[in-house]
Protein chains: 2
Amino acid sequence: MTYCVAANLNAGMIFASDSRTNAGVDNIARFCKMRVFENPGDRVIVTLTSGNLAISQSTVNLLMQKARDPQQKNIWNCNSLYEVSQLLGDCLREIQQRDGPYLTQHNIDPNSSFLVGGQIRGEEPRLFNIYTEGNFIETSQDTLFFQIGETKYGKPILDRVLSPATSLPEAAKSVIVSFDSTMRSNISVGPPIDLVVYERDSYKVALHKRLEENDPYLNLVHHQWGEGLKRAFTQLPDMEWRDDGYPRSALS
Amino acid sequence: MTYCVAANLNAGMIFASDSRTNAGVDNIARFCKMRVFENPGDRVIVTLTSGNLAISQSTVNLLMQKARDPQQKNIWNCNSLYEVSQLLGDCLREIQQRDGPYLTQHNIDPNSSFLVGGQIRGEEPRLFNIYTEGNFIETSQDTLFFQIGETKYGKPILDRVLSPATSLPEAAKSVIVSFDSTMRSNISVGPPIDLVVYERDSYKVALHKRLEENDPYLNLVHHQWGEGLKRAFTQLPDMEWRDDGYPRSALS
């Protein structure tokens, strides 16, 4: 499994991915699911992937191969993130067409999806979610972030914290809490966590950090968040046991 | 969708279910997914269901029809919860065999699963999770609770709070928080919430309560829990932005 999240805020963008892959619980490995394309002063583009690793690696390989030819439309000369998303969707479709039928023949899931976001000079920062069919959607003021992979455990904290005005340090913190919740409930999502922070209109990566399993901040969040949740839970009052429509007896 | 949870603790048991069903977002209805079988002094048995509503209703109907014949093995004369689980599994299989092929012909998911728990005089309290195939598993000291339906959003709080020694009021509180998280993230899970509390060795229902949408306790938990989470989040320190392996620039 995988967990990736990306958010597009007024102050800039956050991208994060875990590094665990598994083809069954007896075949766990580490792969970086994040790729950063940076041409300082011109563009920063980050891709995150979830799903079939061979499909998503081949897709990124194809994208990078195309980038060698400046005559072709490629990730370095696209004029918009929309074009980049189309390009990535086309690469994904090409790989799916090539490999998909062989995988489904063997009951192997060929699905793979991408988040791609960043900023190209002349545009606002943009973030897209590319489905396994190659079509895609974009964030808006109503929907600031996308997740792919094991999305559910880590969604509530993002729902509660992220707004367009959220600062980048606070957004990064919420993403780490989101990963902590996910890793606690799904062992197939695991560190290291790759994290990229991008400041709006900077056209360079502000922070590119790999948080290993023993990372002090990861551990601190893990413990303090657990304690904070327990405190919040303890402070909630108990239910009024007698105040109900079916009083059989009362617990004291 | 549905969300049901049941827990088996030293002090007794908790059962809870939501009441929303949907066959597409344009066809939302309310159905009670909980059934209580109580013979005071002898047994309390509670069933919770998730999945195809026609299948699960028919299964419960068959179970209740069998109960009319005291010559047959039925829910009132089984000597153990294990036998009750077999009986319910058999009913589920019978209904699946009858209706399943017609549903799959029309691409309708015939899956349905049950939680069944309680206590029959002569036994400890027991809790079973009956799969759609009719086979089942039982809780243990390592796994105290089962969930069916939309299980992920509401699992983290149960993982953190529930232990064999958890009191019944505290367990009920954790279940309400678990429902609050689930309802916040999945609109197809909704109130009213049916809640049953059973005290060990009492052989009668201690509390059987329906929490409607405007229930004061449900609203109180909703608001106070949200505030408690935000407080816990605010108290977490920000990441040290400069303390990383890839220092490009630093955010202040």
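Residues numbered from 1 in each chain as written. Chains lettered and ligands numbered in written order. Predicted model: local features only at pLDDT ≥ 70, side-chain atom pairs only at ≥ 80, totals over all residues. Heavy atoms only, no water.

## Observations concerning the nonpolar core
(1) Moving on: Ranked by size, the top nonpolar core spans 70 residues in total, and within it Trp225 of chain A together with Trp225 of chain B carry the most contacts.
(2) Moving on: In this structure, Trp225 of chain B is in contact with Arg160, Leu229, Ala232, Phe233 and Leu236 of chain A together with Ile157, Val177, Asp180, Ser181 and Leu220 of chain B, ignoring residues within four places of it in sequence. (Core = buried A, V, L, I, M, F, W, Y, C linked by side-chain atoms within 4.5 Å. Buried < 20%, exposed > 50% of the residue type's maximum accessible area, 1.4 Å probe, protein only. Contact = heavy atoms within 4.5 Å.)

## Focus: the sheet that holds strand E6 (residues 43–51) of chain B
All names here are of chain B.
(1) Moving on: Spatially, 5 strands are ordered E5-E6-E7-E8-E9 in an open sheet, and the strand pairing comes out antiparallel. Among the strands making up the open sheet, the edge pair consists of strand E5 (34–39) and strand E9 (136–138). Each neighbouring strand pair of the sheet contributes to a mean axis angle of 15 degrees, computed without reference to strand direction.
(2) Moving on: Pairing analysis gives 5 bridges linking strand E7 (residues 112–120) to strand E8 (residues 126–130), with the strands arranged antiparallel. In the strand pairing of E8, Phe114 is matched with Ile130.
(3) Moving on: Sheet strands in contact with helix H1 (residues 53–66) are E5, E6 and E7, and its direction is about 35 degrees off that of E7.
(4) Moving on: The strands touched by helix H2 (residues 81–105) are E6, E7, E8 and E9; relative to E7, the strand with the most contacts, the crossing angle is about 155 degrees. (Pairing = 2+ DSSP bridges. Helix = DSSP H or I, 4+ residues; strand = E, 2+ residues; numbered from the N terminus. Axes fitted to C-alpha atoms, helices over the stretch in contact; angles between N-to-C directions.)

## Looking at the sheet that holds strand E8 (residues 126–130) of chain A
All names here are of chain A.
(1) Moving on: Taking strand neighbours across the sheet as the criterion, the 5 strands line up as E5-E6-E7-E8-E9 in an open arrangement whose pairing is antiparallel. Edge positions in the sheet fall to strand E5 (34–39) and strand E9 (136–138), since each has one partner strand and no second. This sheet shows a mean twist of 15 degrees between the axes of neighbouring strands, independent of strand direction.
(2) Moving on: Inspection of the sheet shows strand E6 (residues 43–51) paired to strand E7 (residues 112–120) by 9 bridges, in the antiparallel sense. Paired with Thr47 across the two strands is Val116, which belongs to E7.
(3) Moving on: Seen against the sheet, helix H1 (residues 53–66) touches E5, E6 and E7 and runs at an angle of roughly 35 degrees to E7.
(4) Moving on: The sheet strands contacting helix H2 (residues 81–105) are E6, E7, E8 and E9, and the helix crosses E7 at an angle near 155 degrees.

## Quick look at the confidence of the model for chain A
Residues and elements named next belong to chain A.
(1) Moving on: For chain A, per-residue confidence averages 90 on the pLDDT scale, and residues scoring 70 or more make up 92% of the total.
(2) Moving on: No element of chain A has a lower mean pLDDT than strand E4 (residues 28–30), which averages 70, and none a higher one than E8, which averages 98.
(3) Moving on: In this model, residues 243–252 is a region of pLDDT below 50 whose contacts with residues beyond four sequence positions or in other chains number 20 contacts. (pLDDT = per-residue confidence, 0-100.)

## With respect to the side chain of Gln96 of chain B
All names here are of chain B.
(1) Moving on: With respect to the helices and strands, the residue Gln96 is situated in helix H2.
(2) Moving on: Owing to a relative accessible area of 15%, Gln96 belongs among the buried residues under this scheme.
(3) Moving on: Side chain to side chain, Gln96 and Thr132 meet in a polar contact 2.8 Å long.
(4) Moving on: Setting aside its immediate chain neighbours within four residues, Gln96 contacts Ile55, Pro101, Pro110, Asn111, Ser112 and Thr132. (Polar contact = N/O pair within 3.5 Å; in protein donor to acceptor, adjacent residues only side chain to side chain.)

## Description of the relation of the copies chain B and chain A
(1) Moving on: Least-squares fitting of chain B to chain A yields an RMSD of 0.0 Å, with the transformation described by 0.0 Å of translation along the axis and a rotation of 180 degrees. Each copy turns onto its partner about a two-fold axis. No C-alpha of chain B lies nearer the rotation axis than that of Tyr153 of chain B, which sits 2.7 Å from it.
(2) Moving on: Comparing contact sets, 100% of the residues at the interface of chain B also lie at the interface in chain A, consistent with an isologous, same-surface contact. (Least-squares fit on C-alpha atoms with pLDDT ≥ 70 in both.)

## Thoughts on the environment of Asn214 of chain A
Residues and elements named next belong to chain A.
(1) Moving on: Among the structural elements, Asn214 can be located in the loop between strand E12 (205–211) and helix H5 (216–235).
(2) Moving on: Assessed through its relative accessible area of 61%, Asn214 is described here as exposed.
(3) Moving on: Between the alpha carbons of Asn214 and Pro191 there is a distance of 9.0 Å; along the sequence they are 23 residues apart.

## A look at the packing of aromatic side chains
To describe a pair of aromatic rings, one takes the distance between the centres and the angle between the planes.
Residue and element names in this part refer to chain A.
(1) Moving on: Following the criterion strictly, the structure yields 8 aromatic pairs over all chains and no others.
(2) Moving on: Both rings, one in Phe128 and one in Phe136, keep their centres 5.5 Å apart while their planes meet at 90 degrees; by these two values the pair is edge-to-face.
(3) Moving on: Members of the aromatic cluster, connected to one another through ring pairs, are Tyr82, Phe128 and Phe136.
(4) Moving on: We note Arg121 situated over the ring of Tyr203; from NZ or CZ to the ring centre the distance is 4.2 Å. (Phe/Tyr/Trp six-rings, centres within 6.5 Å; stacked < 30°, edge-to-face > 60°. Lys NZ or Arg CZ within 6 Å of the ring centre and 35° of its normal.)

## Some thoughts on the interface of chain B and chain A
(1) Moving on: Taken together, the contacts link 58 residues of chain B with 58 residues of chain A.
(2) Moving on: Roughly 5700 Å² of surface becomes buried between chain B and chain A when both sides are summed, with 62% attributable to carbon and sulfur atoms.
(3) Moving on: At the junction of chain B with chain A, the criterion picks out 4 salt bridges.
(4) Moving on: Close ionic contact of Lys173 of chain B with Asp238 of chain A constitutes a salt bridge, the shortest N to O distance being 3.9 Å.
(5) Moving on: Linking chain B with chain A are 12 residue pairs in polar contact (both at pLDDT 80 or more), by the criterion used here.
(6) Moving on: Sorting the residues of the side of chain B that touches chain A by element identifies helix H3 (155–161), helix H4 (168–185), strand E11 (193–199), strand E12 (205–211) and helix H5 (216–235) of chain B as the ones contributing at least two each.
(7) Moving on: Per-element tally for the side of chain B that touches chain A: the top contributor is H5 of chain B, with 14 residues.
(8) Moving on: Broken down by class, the residue content of the side of chain B that touches chain A amounts to 28 nonpolar, 9 polar and 21 charged. (Buried area = accessible area lost by both parts, 1.4 Å probe. Salt bridge = Lys/Arg side-chain N within 4 Å of Asp/Glu carboxyl O. Nonpolar A, V, L, I, M, F, W, Y, C, P; charged D, E, K, R; others polar.)

## Digging into the pairing of E5 of chain A
Residues and elements named next belong to chain A.
(1) Moving on: Taken together, the 6 bridges between E5 and E6 define a ladder with antiparallel strand orientation. In the sheet register, Val36 faces E6, and the bridge partner there is Val46.
(2) Moving on: Adjacent in sequence and paired antiparallel, E5 and E6 are bridged by 3 residues, among which Gly41 carries a positive phi angle near 90 degrees.

## Digging into H2 of chain A
Residues and elements named next belong to chain A.
(1) Moving on: Taking 1.5 Å per residue, 25 residues should reach 36 Å; H2 reaches 35 Å between its end C-alpha atoms and fits that length.
(2) Moving on: At Asp99, H2 shows its maximal bend, which comes to roughly 45 degrees, and the proline Pro101 appears one to four places after that position.
(3) Moving on: After H2 finishes, the residue Asn107 shows a positive phi value of roughly 55 degrees. (Expected span 1.5 Å × (residues − 1). Bend = angle between axes of the 7 residues up to and from the residue.)

## Regarding the packing of H4 of chain B against H5 of chain B
Residues and elements named next belong to chain B.
(1) Moving on: Where H4 meets H5, the axes come as close as 10 Å, and the angle between the chain directions of the two elements is 70 degrees. Taken together, the axis directions place H4 and H5 in an arrangement best described as roughly perpendicular. Mapping the contact onto sequence places Lys173, Ile176, Val177, Asp180 and Ser181 in H4 and Tyr217, Leu218, Val221, His222 and Trp225 in H5. (Parallel < 35°, antiparallel > 145°, perpendicular 65-115°, else oblique.)

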